[in-house]
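Each chain is listed here by its residues.
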Amino acid sequence: MPKISQKGIAMPQSPIRKLVPFAEKAYAAGKKVYHLNIGQPDIKTPQVALDAVKNNSLDTLAYTRSEGSDTYRQKIADYYKRNDIFVNKQDIIVTTGGSEALLFAFGSIMDVEDEVIIPEPFYANYNGFSTASGVKVVPVISKIEDNFALPPIEEFEKLITPKTKAILICNPGNPTGYLYSKDEIKKLAAIVKKHDLFLIADEVYREFAYDGEVHYSILQEEGLDEHAIIIDSVSKRYSMCGARIGCLVSKSKSVIATALKFAQARLSPPTLAQIASEAALETPQSYFDDVIEEYVERRNTLINGLKEIEGVKVATPKGAFYCVVELPVKNSDAFAQWLLEEFYVDNETIMVAPAGGFYSTPNVGLNQIRIAYVLNQESLLKAINILKEALKVYKD
Ligand SMILES: Cc1ncc(COP(=O)(O)O)c(C=O)c1O
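Note that the coordinates shown come from a computational prediction; the quantities given were computed from them, not determined experimentally. (Residues numbered from 1 in each chain as written. Predicted model: local features only at pLDDT ≥ 70, side-chain atom pairs only at ≥ 80, totals over all residues. Heavy atoms only, no water.)

1. Comments concerning the side chain of Ser130
Then comes step 1: Residue position: Ser130 is located in helix H6 (residues 125–133).
Then comes step 2: Judged by relative accessible area, which is 1%, Ser130 ranks as buried.
Then comes step 3: When sequence neighbours within four positions are dropped, the list of residues in contact with Ser130 reads Phe106, Val116, Val135 and Val137. (Helix = DSSP H or I, 4+ residues; strand = E, 2+ residues; numbered from the N terminus. Buried < 20%, exposed > 50% of the residue type's maximum accessible area, 1.4 Å probe, protein only. Contact = heavy atoms within 4.5 Å.)

2. Re unusual backbone geometry
Note: most peptide bonds trans; most residues except glycine with negative phi.
Then comes step 1: Cis geometry is found at the peptide bond from Glu120 to Pro121, where omega equals 5 degrees.
Then comes step 2: Tracing the chain through its elements places Pro121 in the loop between strand E3 (115–120) and H6.
Then comes step 3: Cis geometry marks the peptide bond from Asn171 to Pro172; its omega dihedral reads -5 degrees.
Then comes step 4: Notably, Asp211 is not glycine yet its phi reads approximately 60 degrees, a positive angle.
Then comes step 5: Turning to its location among the elements, Asp211 is positioned in the loop between strand E6 (198–202) and strand E7 (228–233).

3. So, H6
Then comes step 1: Those residues of H6 not exposed but buried are Tyr126, Asn127, Gly128, Phe129, Ser130 and Ser133.
Then comes step 2: On its buried face, H6 is in contact with helix H5 (97–109), E3, strand E4 (136–141), strand E5 (164–170) and E6.
Then comes step 3: Downstream of H6 by a residue or two, Gly134 has a phi angle that is positive, lying close to 70 degrees.

4. Side note on the nonpolar core
Then comes step 1: The biggest cluster of nonpolar side chains holds 140 residues, and the ones touching the most others in it are Tyr80, Ile167, Leu306 and Phe335.
Then comes step 2: The element contributing the most residues to this core is helix H11 (residues 285–307), with nine residues.
Then comes step 3: Apart from residues no more than four positions distant in its own chain, Leu306 is found in contact with Val312, Val314, Cys323, Val325, Ile371, Ile384 and Leu387. (Core = buried A, V, L, I, M, F, W, Y, C linked by side-chain atoms within 4.5 Å.)

5. Topic: the sheet that holds strand E10 (residues 322–326)
Then comes step 1: Taken together, the four strands give an open sheet; going across it, the order is E9-E10-E13-E12, and neighbouring strands pair in antiparallel fashion. Looking at strand neighbours, the two that pair on one side only are strand E9 (313–314) and strand E12 (353–354), the edges of this open sheet.
Then comes step 2: Pairing between E12 and strand E13 (residues 368–372): two bridges, direction antiparallel. Opposite Pro354, over in E13, you have Ile369 as the bridge partner.
Then comes step 3: Of the strands in this sheet, E9, E10 and E13 touch H11, which is tilted by about 5 degrees from E10. (Pairing = 2+ DSSP bridges. Axes fitted to C-alpha atoms, helices over the stretch in contact; angles between N-to-C directions.)

6. Quick look at the side chain of Ser252
Then comes step 1: Within the element layout of this structure, Ser252 appears in the loop between strand E8 (246–249) and helix H9 (253–265).
Then comes step 2: Ser252 sits in the buried class, given a relative accessible area of 1%.
Then comes step 3: Excluding residues within four positions of it along the chain, Ser252 makes contact with Asp225 and Glu226.

7. Here we look at helix H10 (residues 271–280)
Then comes step 1: Of all ten residues in H10, eight are buried; the element is thus mostly enclosed.
Then comes step 2: The set of residues buried in H10 consists of Thr271, Ala273, Gln274, Ala276, Ser277, Glu278, Ala279 and Ala280.
Then comes step 3: Taken together, the buried residues of H10 touch helix H3 (47–54), helix H4 (70–82) and strand E2 (92–95).

8. With respect to the site of the ligand
Then comes step 1: Taken together, 13 residues lie around the ligand, and Gly98, Ser99, Asp202, Tyr205 and Ser233 are the ones closest in.
Then comes step 2: Contacts to the ligand include Ser99, whose side-chain N or O atom sits 2.5 Å from an oxygen atom.
Then comes step 3: Lys236 places a polar side-chain atom, nitrogen or oxygen, 2.8 Å from an oxygen atom of the ligand.
Then comes step 4: A total of 390 Å² of accessible area belongs to the ligand in isolation, and the protein chains cover 93% of it.
Then comes step 5: Tallying contributions element by element places H5 first for the shell around the ligand, with three residues.
Then comes step 6: For the shell around the ligand, a count of residues per class yields four nonpolar, six polar and three charged. (Near = heavy atom within 4 Å. Polar contact = N/O pair within 3.5 Å; in protein donor to acceptor, adjacent residues only side chain to side chain. Areas by Shrake-Rupley, 256 points an atom, 1.4 Å probe, with all protein chains shown as cover. Nonpolar A, V, L, I, M, F, W, Y, C, P; charged D, E, K, R; others polar.)

What follows is the structure, given as structure tokens:
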């Protein structure tokens, strides 16, 4: 039989999706499952975006330019200007989700065996994208006790080798909910300049900053033009995960010219979804104000509820819509599976993401889970109660 590649064998399963077969068995048995495992918001997509698709008069669904349609890129540049990020449409490549932007970024700046330093826990698919690109993830541990703040910059410096090409951060963080301060971004800027590295910032949750905190983008930092690469997406901003539209942004002409070659190889980002995403940029500020208010309430409900459960530790997120929760269990993989297979309160259970997959250091985070607070308050309260009752009876 022809053999599967070593790279294929090494590709990690997504910790967010790997328990799906157990959830499916639970549905088949007539159970209700509260999905705390995946960042799929229940918030409505802005009507302007949906209408733009419904009302368009295209008679051929053609390719667009590889870098994305001209009008859409101009409007994205205008959006950034409104957010004090001064870029032109030439600095933007529209991609099939932030996911493809990450792949293009890795492909453009790193060769096989090059290294990227990432504070962990990190968005689990960074492991997958690194494996797909043959790149080595070098983790620097951030701690729940510090709310997952940026580890001391000396810890990064210790890890830099001749193979290091980039530092990758997610701001605000998935799964940590941590929002890096201006000061922390400045420290990162200084170190990438000193060692001549790229700084990739995944800013797909930019709008989701709470408690009056203001997001500070790496592209607002002076002197980083040749170093900074932003990963962005409409998925969470407009609750348009299924549109599959994102972008890669950089002032570096060589990064953009290289990423464009990857973009040309896959021809074009999806045409109808670009139409929806362009219209989504007209979304009024009131939509975001309502959404942020809703997430703050959900976060407060969740964190307050979790803090009341004995043996549970949680950091308070300042952004995005996730938190990492430490549980009094040894193996959260087994616990998450047990919840789906064996534990129900009134025929209902929860699905959570075991946090081990959000680390690249082996055997770290095994007693942690990630919770996405993408459900309404009533469902969240029920979910917290299920977790509380489950921990009373679970035996490792
Ligand atoms: C931090 C982060 N980056 C990138 C992505 C990829 O998003 P998409 O490909 O839907 O734009 C996600 C999705 O959950 C994410 O959480």
